[in-house]
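Letter by letter, the chains look like this.
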Amino acid sequence: MAQRETWTTRAGFIFAAVGSAVGLGNIWSFPFQTASNGGAAFLVVYLLAVFLIGFPTMLIEFVIGRRSKQNAVSAFEELGYGNWTIAGATGVLASFITLSFYSVVGGWVISYIVGSVTGGYLGNASGYFGGVSSGLIAVGAHALFIAITIGIVAFGVADGIERATKFMIPAILVLLVGLAAWGATLPGAAAGYSYYLSPDFSVIASNFSSIVPNAMGQAFFTLSLGFGVMIAYASYLGRDDSLPGDSAIIVILNTVVALLAGFAVFPILAATDTLTGSTGAGTAFIALAGAFGQVPAGQVIGFVFFVVLLFAALSSSISLLEAPTSYIVDSRDTDRRTVAVGIGAVAFVLGIAPAYGYVGLFNDFVFNIMLPIAVLLIALFAGWVANREAVDELGRGSTLGEGATTVWLWWVRIVVPIAVIVTLYLGVMNFGGNLLSGAYF
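Trainee: Any details on the side chain of Thr-255? Residues and values, ideally.
Mentor: Within the secondary structure layout, Thr-255 lies in helix α13 (residues 243–271). Residue class for Thr-255 comes out buried when judged on its relative accessible area of 6%. Within the local environment of Thr-255, its side chain forms a polar contact with the backbone oxygen of Val-251, the two atoms lying 2.8 Å apart. What Thr-255 contacts, discounting residues up to four positions off in sequence, is Leu-47, Val-50 and Phe-51.

In structure tokens form, the structure reads like this:
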């Protein structure tokens, strides 16, 4: 067996984990989930989901990964609980399916960068999206995006993933701050901020069945939970790193990026009277592209925005490919480059269906059903099966006392499963309703 790779620095791990979390979910999905689910009302539920459910769950994945020093599937065998490999396998499968349609959306971003240079979407935002989001152009852009992803993962943990994310994450933060500052100068920015930051709690009460699963799914998506990614990334960690400390940094940075995206996007939507009613995978591109055609220096701003979106998309797609890649490399002792190319090629083929109009179907299946199931399984595993190992590993390298680790254990045992079961039930109802109504076809 070849020697297993590790992160070269703690910062490298944090950048990679933040990169996995800071993806299209934060900059593409989050503002428009917020816009279509009551604005600040959704934001409140999302933040609660991130800190009360997402943060403890991230610790579960880190504990499993570092304790086992294995990928998300083999980790359970290494810990002596081979009958629980289904938990890791569910996450890895979710990661693979997500990569297949996520790459299609990444291809859209590439097309919009080209459109920013040529001005192609400025005159007819809806028509431009229709031309690049489905068909041969979408398939070609999907191929280019997944090829870039394969190239980064093939170079390995340190030379590929760590090096790329150390560049992309600071770039995303700097460019988002600039976009948010520019957005503050737009007429109507105050209305955008009000919708974004002033919650109407009656909206939560009247839309509970849709807001809760959307907010929880968004939290899992943006934190890369349930994919097996964080288990794989933590498996490359040293024993002296503080898992609670690293998790806190990752969750906070991820949340900052999501909030910054809102500060950049909502003034643009308010300035162009497209603040509400924005929903669906394509609406984000159509609304923003149309808005860039109506604001000062919109073509330049559009180019910067879609470059940020590309960096964010790649920082997450490489983690989605790393989850199944690490499994094959660990279990078969196979060359990483060969595995990355093989899995990427299969994901490309699977992604042809989303490239012809089924992104919504794939997206909702993963986020409403697969991710909650994966998170529920690992919570039950850490809370009730391997609880002694989990508590011991959580305390290594950190200053947490016995009281704090005990609170975390019972939170994982009781609160996280209940929240996820409610989310899963509502998600299945929503997905089933959409499926029966023909909304995906």
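Moving on from the model shown.
Trainee: Which residues make up the packing of helix α8 (residues 157–183) against helix α15 (residues 298–332), and what values go with them?
Mentor: As a packed pair, α8 and α15 sit with axes 9 Å apart at the nearest point and diverge in direction by 150 degrees. Put simply, α8 runs roughly antiparallel to α15. The hand of the α8/α15 crossing is left-handed. Taken together, the residues of α15 that come into contact with α8 (itself represented by Val-157, Ile-161, Thr-165, Phe-167, Met-168, Ile-169, Ala-171, Ile-172, Leu-175, Leu-176, Leu-179 and Trp-182) are Ile-301, Val-304, Phe-305, Val-308, Phe-311, Ala-312, Leu-314, Ser-315, Ile-318 and Glu-322. Looking at side-chain class alone, the contact of α8 with α15 contains 19 nonpolar, two polar and one charged residues.

Trainee: I'd love a proper account of the packing of aromatic side chains, names of residues and values included.
Mentor: On inspection of all chains with the given rule, the structure shows 37 aromatic pairs. Three or more aromatic residues link up through ring pairs in this structure, and these residues are Trp-108, Tyr-112, Tyr-121, Tyr-128, Phe-129, Phe-285, Phe-292, Phe-305 and Phe-306. Over the ring of Phe-155 we find Arg-337; its NZ or CZ atom is 5.2 Å from the centre of that ring. The side chain of Arg-413 reaches across the aromatic face of Trp-384, ending 4.6 Å from its centre.

Trainee: Which residues make up the pattern of salt bridges, and what values go with them?
Mentor: For the structure shown, the criterion picks out nine salt bridges. The salt bridge partner of Arg-67 is Asp-392, with a shortest N-O separation of 2.5 Å. Here Arg-67 is found in helix α3 (residues 40–68), whereas its partner Asp-392 is found in helix α18 (residues 387–395), with 325 residues between them in sequence. The partly exposed category is assigned to Arg-67, whose relative accessible area is 24%. We classify Asp-392 as partly exposed; its relative accessible area is 35%. Here Asp-392 ties to Arg-396 by a salt bridge, and the two come within 3.3 Å at their closest N and O atoms. Judged by relative accessible area, Arg-396 falls into the partly exposed class, the value being 37%. Because the salt bridges share partners, they merge into one network encompassing Arg-66, Arg-67, Asp-392, Glu-393 and Arg-396.

Trainee: Please set out helix α7 (residues 136–154) residue by residue, giving values where relevant.
Mentor: For α7, with 19 residues, the first-to-last C-alpha span of 26 Å sits near the 27 Å given by 1.5 Å per residue. Restricting attention to buried positions, one finds in α7 the residues Ala-138, Val-139, Ala-141, His-142, Phe-145, Ile-146, Thr-149, Ile-150, Ile-152, Val-153 and Ala-154. Looking one or two places after α7, you find Gly-156, whose phi comes out positive at around 105 degrees.

Trainee: Quick one: what's the story with helix α11 (residues 208–222), residue by residue and with numbers?
Mentor: Over its 15 residues, α11 runs 21 Å from end to end, which matches the ideal 21 Å to within 8%, given 1.5 Å per residue. The buried fraction of α11 is high, at eleven of 15 residues. Ser-224 sits one or two residues past α11 and shows a positive phi near 55 degrees.

Reading the values: the criteria
Residues numbered from 1 in each chain as written. Predicted model: local features only at pLDDT ≥ 70, side-chain atom pairs only at ≥ 80, totals over all residues. Heavy atoms only, no water. Helix = DSSP H or I, 4+ residues; strand = E, 2+ residues; numbered from the N terminus. Buried < 20%, exposed > 50% of the residue type's maximum accessible area, 1.4 Å probe, protein only. Polar contact = N/O pair within 3.5 Å; in protein donor to acceptor, adjacent residues only side chain to side chain. Contact = heavy atoms within 4.5 Å. Axes fitted to C-alpha atoms, helices over the stretch in contact; angles between N-to-C directions. Parallel < 35°, antiparallel > 145°, perpendicular 65-115°, else oblique. Left-handed = near helix turned anticlockwise from the far one by under 90°. Nonpolar A, V, L, I, M, F, W, Y, C, P; charged D, E, K, R; others polar. Phe/Tyr/Trp six-rings, centres within 6.5 Å; stacked < 30°, edge-to-face > 60°. Lys NZ or Arg CZ within 6 Å of the ring centre and 35° of its normal. Salt bridge = Lys/Arg side-chain N within 4 Å of Asp/Glu carboxyl O. Expected span 1.5 Å × (residues − 1).

Geometric descriptors of this kind do not, in isolation, establish any biological role.
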